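Structure assessment
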Amino acid sequence: MKLFSSIKSLLQFNPTDRQLNEAEQNELNHAIVELMMEMVRADFVELYAEKTVLAKYLSDKLGFTTADVDSYIEAAEIRAEFSISLESQTNVINNYLANSQKVDLMQHLWALAEADNEVHLLEQNLFYKAGLLLGIKKLQLDEICQSAEI
């Protein structure tokens with residue numbers, strides 16, 4: 001099952017076409033990984049398969065080293081313990097990504113929800129909430145869900 005297409009352009013793109021500095025790039029990377037970790041944890045069952053898919057994605061598609069993967073996931077897990085909403089992640093993403101890149105991100109997020117071959121209602125709710133916070137219309141979100149294969 002094809003889980004992710006390259007999201008590298010997402011992490012290097014911003015709507016103002018200016019190059020992100022290291023701090024901004026790091027902030028965006030953390031926000032995206034945290035949002036994806038929220039999806040892994042959405043159904044209150046963190047399956048090894050989901051975390052493996054996330055780690056492999058970060059490594060293979062984004063070119064993160066093993067140490068970077070571990071660092072980003074560890075930071076995302078810690079922040080998730082204290083997170084009360086998705087707004088902290090989505091606000092950062094909204095600052096750096098254009099709408100088309102946010103739609104691509106949502107496609108990757110949905111693929112992560114499908115990683116265990118079952119989309120839980122809580123995962124579906126998180127997907128729609130994140131998408132709406134990113135300014136994506138419900139119709140577009142529905143299309144992402146319908147075009148994906150479980």
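Brief notes about the nonpolar core
In this structure, M36, L54, L58, I93, M106, L109 and F127 are the most contacted members of the largest nonpolar core, which totals 43 residues. Take this core: its biggest share by element is nine residues, from helix α2 (residues 22–41). Residues contacting L54, with those up to four places away along its chain left out, are M36, M37, V40, I73 and L112.

As for the side chain of Q89
Residue position: Q89 is located in helix α5 (residues 87–96). Residue Q89 is classed as buried on the basis of its relative accessible area, which comes to 3%. When residues no more than four places from it in sequence are discounted, the contact partners of Q89 are A31, E34, L35, E38 and S83.

Concerning the side chain of E123
Mapped onto the elements, E123 comes out in helix α7 (residues 121–133). Buried charge without a partner: E123 forms no salt bridge, and the closest opposite charge is R41, 11 Å away. Leave out the neighbours within four places in its chain, and E123 touches M39, A42, D43, E50, A113, D116 and E118.

Re the environment of W110
Note that W110 resides in helix α6 (residues 99–113). According to the relative accessible area criterion, W110 is buried, its value standing at 5%. Between the C-alpha atom of W110 and that of I144, which follows or precedes it by 34 residues, the distance is 7.6 Å.

Some thoughts on the confidence of the model for the protein
Counting all residues, the mean pLDDT for the protein is 83, and 85% of those residues have values of 70 or more. Per-element mean pLDDT across the protein ranges from 51 in helix α1 (residues 8–11) up to 96 in α7. Predicted confidence is poor over residues 1–6, with pLDDT under 50, and the contacts of this stretch with residues over four places away or in other chains come to 17 contacts.

Comments concerning the pattern of salt bridges
Within this structure, the stated rule accounts for three salt bridges. In this structure, R79 and E34 form a salt bridge, with 2.5 Å as the shortest nitrogen-oxygen distance. One end of the pair, R79, is in helix α4 (residues 66–82); the other, E34, is in helix α2, with 45 residues separating them in the sequence. On the accessibility criterion, R79 (47% relative accessible area) is partly exposed. With relative accessibility at 6%, the residue E34 sits in the buried group. Of the charged contacts, one joins D142 and K138 as a salt bridge, the two residues approaching to 3.1 Å between their closest N and O atoms. Placement of both D142 and K138 in helix α8 (residues 138–147) is noted, with a separation of four residues, approximately one turn of the helix. Judged by its relative accessible area of 18%, D142 is buried.

The rules we used
- Residues numbered from 1 in each chain as written.
- Predicted model: local features only at pLDDT ≥ 70, side-chain atom pairs only at ≥ 80, totals over all residues.
- Heavy atoms only, no water.
- Core = buried A, V, L, I, M, F, W, Y, C linked by side-chain atoms within 4.5 Å.
- Buried < 20%, exposed > 50% of the residue type's maximum accessible area, 1.4 Å probe, protein only.
- Helix = DSSP H or I, 4+ residues; strand = E, 2+ residues; numbered from the N terminus.
- Contact = heavy atoms within 4.5 Å.
- Lys, Arg positive; Asp, Glu negative; His and termini not counted.
- Salt bridge = Lys/Arg side-chain N within 4 Å of Asp/Glu carboxyl O.
- pLDDT = per-residue confidence, 0-100.

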